[in-house]
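# Geometric and topological summary
Chain by chain, the residues:
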Amino acid sequence: MDYGFTQLQTEIAQLARELAEKKLKPLRAKADHDEKLPMEVVEEYRASNLFGLWLPEQYGGTGGGVTDLALAIEELSKACGGLALPIATSALGGMPAFMWATAEQREKWIPALASGEKLFAFALTEAEAGSDATALKTTAVLEGDHYVVNGSKHFISTGEVADVYTVAVTTNPKRGARGITLLLIEKGTPGFTFGKKEEKLGIRANTTYELVFQDCKVPVANRLGGEGMGLLAVQETFDYSRPGVAAQALGIAEGALNETIPYLRTRKQFGQPVSSFQAIQHKLADLATKVEAGRALVYSLTLAMDKDYLKAVENALASGASVHDELKKLKTRRWTKESAMSKLFCSDTAMEVASECINLCGGIAYMRDFPVEKYMRDAKITQIYEGTNHIQRNEIAAALIKEYAAG
Amino acid sequence: MHIIVCVKQTPAGENVSVDQNTGCIIRSGESALNPFDEFAIEEAVRVKEKTPGSKVTAVTMGPPQAEAVLREAVARGCDGGVHVCGREFAGSDTWATSYALSQAVKKLSENDPSVLVFCGKQTNDSDTGHIGPQMAQWLGWPGAAFVRKLEAVDGKSVRVQRLMEDGYDVVEMPLPAVLSVIKEINTPRIASLKGRLASKKAQFPKWSAAELGCDPAKLGLDGSPTSVVRCFTPPQRASNTVKIQGETAADKARNLSAALKEAKIL
């Protein structure tokens, strides 16, 4: 269903659909098997201008917002939730960079982010700091014009492949959550290396690495916002990035149905196509309804968010202030609750749809040479990353209780 | 260097249907860029990307709605396009069409010798493969058909591999020149987002026969030495499928090899 997309957004969806069919589908099984991100996919995304969908034209983007990004992620994920990730992870790493950067920092970092010349990635999680992100232990000590960073980050998507890492560190461990600061750290910086490459259940077409920092010197100019502003930047980023995870989940659910329904129409048992049984039909109807409900939630949210976001971007470009500061001036609301709802609902839907699709197809769908089981493996991560669904429920409930407490 | 690529709007799909009663191609369905032209556009754009200061112009001849293929060409990386359009061109066969297109190429090249023209191998509707070679003839320029690879190109000459039945020829020719390319030459890109946006805004001049300085006697039905007498889809060949019988797999294999020997295939 079209939720009132612009012509540009319709083009984005069309382009991503073509890429998914012609470029991703032929590569997905091998990438999943080999646990490698084929760089030709990244090249395709660059050539197609998909890294700058949510960035202004001034920096080489196409001037859209979260809707544009979500549409691309959804369409690409229909073919492969793993191969779609470089677009999503570069946006996740890039969002705090763009929204908290000064005008000068924008000039330095954003053109390469928008063109995809440099892939960004986001590094928050640590061994002891998962859902409790504030427990992070990676330290950054100020020494003159640079920080000295020590510690390690776990489970970093598009790790090793990405060029710039938006890393959450503590610049003041005594202050806990208020000691967290974001630094941009480039691959190749002395003292920054890659540790363990993870072997995963799903999204195996994306590389997941440990990042290791040992006396890694990072210029103060690479700091986003002030010291201690990192947690706020992370929370604001998640407001804008979680609909992207929701879109990935929707794409996975739709992709699973796209493989399942044609099979059910041709597969005959008891002398008739499996799709002719009412038990099967009602299940399909329920699944498709949930997917469309998810789409309605995601796109009504992103279209509403984009009104604020695009206005703040326009003001920031005119004033030279950061996008974050301009958002604050607009006194726009935070989208934490709805954003969490979109990820919660769509990721649970994706897991249910992908799992049910295996049930509907039967034994064949348990086999790796049939493309359905991979959707279930890929769906699982959407319930976990960018905040587990337990955390999403916490966020939603906290917002609800606050609303009612305010009367 | 000015790179010119000739494109055509044809019925969508690789197999074009023919009306069994009238013998005419069924054009009521969806139209699209001739699939073979995708390779011509891609090669033209690749040459542009490798040659600083060059540009690509797409040319099509056809009714007003054929402008859609010029937009597609711009989406895929061409800088602009011109539309040869007018009633006077209606009914042209390949000879008259190649005349009109060569007049457009002449006008675009403005006596600049650094011009390279690309065509697809053939169209999916009439399948003749005439246009490229005939344009070279009208223009008096060197040409090559069935080009499978561009080995080298600069502003003065081009060296290509031309597919032959028993291998390939390497042909070098001075510019201006006309090439028609086969699908082995490249893998066409998917139009980028910025290309798609540019194609929406692009404006294409419409050139009439008068503007091209065409001799009216060489256009349309009058200028077409060929006439289509009859057009039909040949009946499908009957297949003589023989099912190899046998109790076990080994029996079936034995019976198959016996049948193949009897047919003198083995």
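Residues numbered from 1 in each chain as written. Chains lettered and ligands numbered in written order. Predicted model: local features only at pLDDT ≥ 70, side-chain atom pairs only at ≥ 80, totals over all residues. Heavy atoms only, no water.

### A word on the overall build of chain A
Operational definition: Numbering of helices and strands runs from the N terminus; a helix is a DSSP stretch of H or I covering at least four residues, while a strand is a stretch of E covering at least two. Throughout, radius of gyration means the C-alpha value; the globule benchmark is 2.2 Å times the number of residues raised to the power 0.38. Here's how the labels work: a residue is buried when its accessible area is under 20% of the maximum for its type, exposed when over 50%, partly exposed in between, all with a 1.4 Å probe on protein chains only. Here, two residues are considered to be in contact whenever any of their heavy atoms come within 4.5 Å of each other. In short, Shrake-Rupley with a 1.4 Å probe defines the accessible areas, and a residue's cover is counted only from the protein chains shown. Charge assignment: positive for Lys and Arg, negative for Asp and Glu; neither His nor the chain ends contribute. Lys charges are placed at NZ, Arg charges at CZ, Asp charges at CG and Glu charges at CD.
When its secondary structure is counted, chain A shows 11 helices and 10 strands. For 407 residues, the compact-globule estimate of 2.2 N^0.38 gives 22 Å, and chain A sits close to it at 21 Å. In terms of its C-alpha atoms, chain A occupies a principal-axis envelope of roughly 80 × 50 × 40 Å. Looking at the 407 residues of chain A, the share that counts as buried comes to 57%. Taking the contacts inside chain A whose residues are at least 6 apart along the sequence as the reference set, 76% of them involve residues at least 24 apart. When the accessible area of chain A is evaluated, it comes to approximately 16700 Å², of which 55% is carbon and sulfur surface. Between the centroid of the 46 positive side chains of chain A and the centroid of its 51 negative side chains there is a distance of 3 Å.

### Here we look at the domain arrangement of chain A
Residue and element names in this part refer to chain A. This is how it is decided: Each domain's limits were defined by an automated method or a database of domain assignments. Buried area: the accessible surface (1.4 Å probe) lost by two parts on joining, summed over both. Take a side-chain nitrogen of Lys or Arg and a carboxyl oxygen of Asp or Glu: if they are within 4 Å of each other, that pair is a salt bridge. Polar contacts, as used here, are pairs of N or O atoms within 3.5 Å; protein pairs need one atom able to donate a hydrogen and one able to accept it. Residues neighboring in sequence count only if both atoms are side-chain atoms.
The assigned domain composition of chain A is domain 1 (7-119), domain 2 (121-224) and domain 3 (230-406). Distance from the C-alpha centre of domain 1 to the C-alpha centre of domain 3: 18 Å. Every contact between the two is made by 34 residues of domain 1 and, on the other side, 41 residues of domain 3. Counting each side, the surface lost to burial between domain 1 and domain 3 is near 3000 Å², with a carbon and sulfur contribution of 61%. For domain 1, the biggest contributors to the area lost against domain 3 are Glu 74, Met 99 and Trp 100; these three give 24% of the whole. In this structure, the connection of domain 1 to domain 3 is made through 4 salt bridges. Two residues, Arg 295 and Glu 74, come together in a salt bridge whose shortest N-O distance is 2.8 Å. Summed over the shared surface of domain 1 and domain 3, the result is 18 residue pairs in polar contact (both at pLDDT 80 or more). Every element with two or more residues in the side of domain 1 that touches domain 3 is listed here: α1 (7-34), α3 (66-79), α4 (85-100) and α5 (103-115).

### As for the sheet that holds strand β8 (residues 157-164) of chain B
All names here are of chain B. Heads up, the condition is: Should DSSP find at least two bridges between two strands, the strands are regarded as paired. Angular values range over 0 to 180 degrees, each being the angle between N-to-C directions of two axes fitted as lines to C-alpha atoms, with helices fitted over their stretch in contact.
Taking strand neighbours across the sheet as the criterion, the 9 strands line up as β9-β8-β7-β10-β6-β1-β4-β5-β11 in an open arrangement whose pairing is mixed. Two strands bound the open sheet, and with one partner strand each, they are β9 (167-174) and β11 (206-207). Where strand β4 (residues 55-61) lies against strand β5 (residues 80-84), 5 bridges are found, and the strand directions are parallel. In the sheet register, Ala 58 faces β5, and the bridge partner there is Gly 81. Lying on the sheet, helix α1 (residues 35-50) is in contact with β1 (2-7), β4, β6 (115-120), β7 (143-153) and β10 (177-181); it crosses β1 at an angle near 170°. Contacts from helix α4 (residues 131-139) reach β1, β6, β7 and β10, with the element oriented near 175° to β10.

### Quick look at unusual backbone geometry
In this chain, Leu175(B) is followed by Pro176(B) through a cis amide linkage whose omega measures 0°. In this fold, Pro176(B) is placed in the loop between β9 and β10. At Asn49(A), a residue that is not glycine, the phi angle is positive and equals roughly 65°. Along the chain, the position of Asn49(A) falls in the loop between α2 (39-47) and α3.

### Concerning the interface of chain A and chain B
Just so we agree on the cut-off: All residues other than Ala, Val, Leu, Ile, Met, Phe, Trp, Tyr, Cys, Pro, Asp, Glu, Lys and Arg, Gly among them, are scored as polar; the first ten of these are nonpolar and the last four charged.
Taken together, the contact pairs 17 residues of chain A with 10 residues of chain B. When chain A packs against chain B, the two sides together hide about 1100 Å² of surface, and 63% of this comes from carbon and sulfur. Area buried by chain A at its contact with chain B is led by Glu11(A), Leu15(A) and Asn49(A), which between them contribute 41% of it. Summed over the shared surface of chain A and chain B, the result is 3 salt bridges. With a shortest N-O distance of 3.2 Å, Arg196(B) and Glu18(A) are connected by a salt bridge. One can count 7 residue pairs in polar contact (both at pLDDT 80 or more) joining chain A with chain B. In terms of residue count, the dominant contributor to the side of chain A that touches chain B is α1(A) (10 residues). Residues that form the side of chain A that touches chain B fall into these classes: 6 nonpolar, 7 polar and 4 charged.

### Section: the pattern of salt bridges
Throughout the structure, instances matching the rule amount to 46 salt bridges over all chains. Residue Glu42(B) pairs with Arg189(B) through a salt bridge whose shortest N-O separation is 2.9 Å. A residue pair is termed long-range when its members are at least 10 positions apart, and Glu42(B) in helix α1 and Arg189(B) in the loop between β10 and α5 (193-201) qualify at 147 residues. One salt bridge in this structure joins Arg159(B) and Glu151(B), with 2.8 Å as the shortest N-O distance. The exposure class of Glu151(B) is partly exposed, given its relative accessible area of 30%. Among the charged side chains, a salt-bridge network with shared partners connects Arg17(A), Glu74(A), Glu75(A), Lys78(A), Glu254(A), Glu292(A) and Arg295(A).

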